[in-house]
Amino acid sequence: MTPQDQFEQLRQIYPSAEFWTEGGQPFVYLPGFRLKSGRKTVALDALLCPQRHASASYPTRLFLSDQPPHGGQNWNSFQLFGRSWRACSWDKVPDTLGWPNILASHLRAFA
């Protein structure tokens, strides 16, 4: 599947998703993404990186606009698209999954 096909699958679940690129690499911006963090649900902007990125040594990454109150460990800051993002250490999500499954796998860090 092409990145555009993968994006369209994700967009069926999150209609507000936007397809962004940086250095020719695809990202999916999810504004106001609702994330279950412990017993609370918080709304944060999210940025899914479905492939290895130069600034992130893991196969895929989920960047958030802020650190949620629960879940995730070893948080780091990253500068992407002229903005500061936070990401926790969660490295076992392969880029061979479909993008909706990559996102779902990253959300396990907050369960």
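**Q** Would you explain the overall build of the protein chain in this entry?
**A** Broken down by element type, the protein chain carries two helices and six strands. Counting from the amino terminus, helix and strand elements in the protein chain follow one another as α-β-β-β-β-β-β-α. Against the globule reference of 13 Å for 111 residues, the protein chain gives a C-alpha radius of gyration of 13 Å, in line with a compact fold. The buried share of the protein chain, taken over its 111 residues, is 41%. Total accessible area on the protein chain stands at roughly 6,000 Å², and carbon and sulfur atoms take up 47% of it. Averaged over its 11 positive side-chain charges, the protein chain has a centre that lies 12 Å from the centre of its 8 negative ones.

**Q** Just checking my understanding: could you explain the packing of aromatic side chains for this structure?
**A** Each pair of aromatic rings is reported with the distance of its centres and the angle of its planes. Counted according to the given criterion, the structure contains nine aromatic pairs. Ring centres 6.4 Å apart and planes at 10° place the aromatic pair F19 and W99 in the stacked group. Taken together, the residues span a long stretch of sequence, with F19 in strand 1 (residues 18-22) and W99 in helix 2 (residues 99-107) at a distance of 80 residues. Its relative accessible area of 30% is what places F19 among the partly exposed residues. A residue is classified by how much of its surface remains accessible, and W99, at 4% relative accessible area, is buried.

**Q** So what exactly am I meant to see when it comes to the pattern of salt bridges here?
**A** Using the criterion set out here, one finds two salt bridges in the structure. When the shortest N-O distance is used, the salt bridge between D45 and R83 registers 2.8 Å. Of this pair, D45 sits in strand 3 (residues 40-49) while R83 sits in strand 6 (residues 83-87), and the two are 38 residues apart along the sequence. Judged by relative accessible area, D45 falls into the buried class, the value being 17%. Residue classification places R83 among the partly exposed residues on the basis of a relative accessible area of 28%. The partner of D91 in a salt bridge is K92, with the nearest N and O atoms 3.6 Å apart. By relative accessible area, which is 34% here, D91 ends up partly exposed. K92 gets classed as exposed once you look at its relative accessible area, which sits at 68%.

**Q** Please explain the side chain of D45 as it appears in this structure.
**A** Side-chain polar atoms of D45 contact the side chain of R83, separated by 2.8 Å. D45 has contacts with Y29, L30, P31, G32, F63, L64, S65, R83 and W85, leaving out every residue within four places of it along the chain.

**Q** Can you help me understand the packing of helix 1 (residues 3-13) against helix 2 in this one?
**A** Any two packed helices are characterised by how steeply their axes cross, that is the angle between the axes, and by the distance between the axes. With their axes 8 Å apart at the nearest point, helix 1 and helix 2 run at an angle of 55° to one another. In terms of their interaxial angle, helix 1 and helix 2 are classed as oblique. Residue-level inspection shows P3, Q6, F7, Q9, L10 and I13 of helix 1 in contact with helix 2, the latter providing W99, P100 and L103. The class makeup of the residues in the contact of helix 1 with helix 2 is seven nonpolar, two polar and no charged.

Basis of the calculations
- Residues numbered from 1 in each chain as written.
- Predicted model: local features only at pLDDT ≥ 70, side-chain atom pairs only at ≥ 80, totals over all residues.
- Heavy atoms only, no water.
- Helix = DSSP H or I, 4+ residues; strand = E, 2+ residues; numbered from the N terminus.
- Rg over C-alpha atoms; globule rule 2.2 N^0.38 Å.
- Buried < 20%, exposed > 50% of the residue type's maximum accessible area, 1.4 Å probe, protein only.
- Areas by Shrake-Rupley, 256 points an atom, 1.4 Å probe, with all protein chains shown as cover.
- Lys, Arg positive; Asp, Glu negative; His and termini not counted.
- Charge placed at Lys NZ, Arg CZ, Asp CG, Glu CD.
- Phe/Tyr/Trp six-rings, centres within 6.5 Å; stacked < 30°, edge-to-face > 60°.
- Salt bridge = Lys/Arg side-chain N within 4 Å of Asp/Glu carboxyl O.
- Polar contact = N/O pair within 3.5 Å; in protein donor to acceptor, adjacent residues only side chain to side chain.
- Contact = heavy atoms within 4.5 Å.
- Axes fitted to C-alpha atoms, helices over the stretch in contact; angles between N-to-C directions.
- Parallel < 35°, antiparallel > 145°, perpendicular 65-115°, else oblique.
- Nonpolar A, V, L, I, M, F, W, Y, C, P; charged D, E, K, R; others polar.

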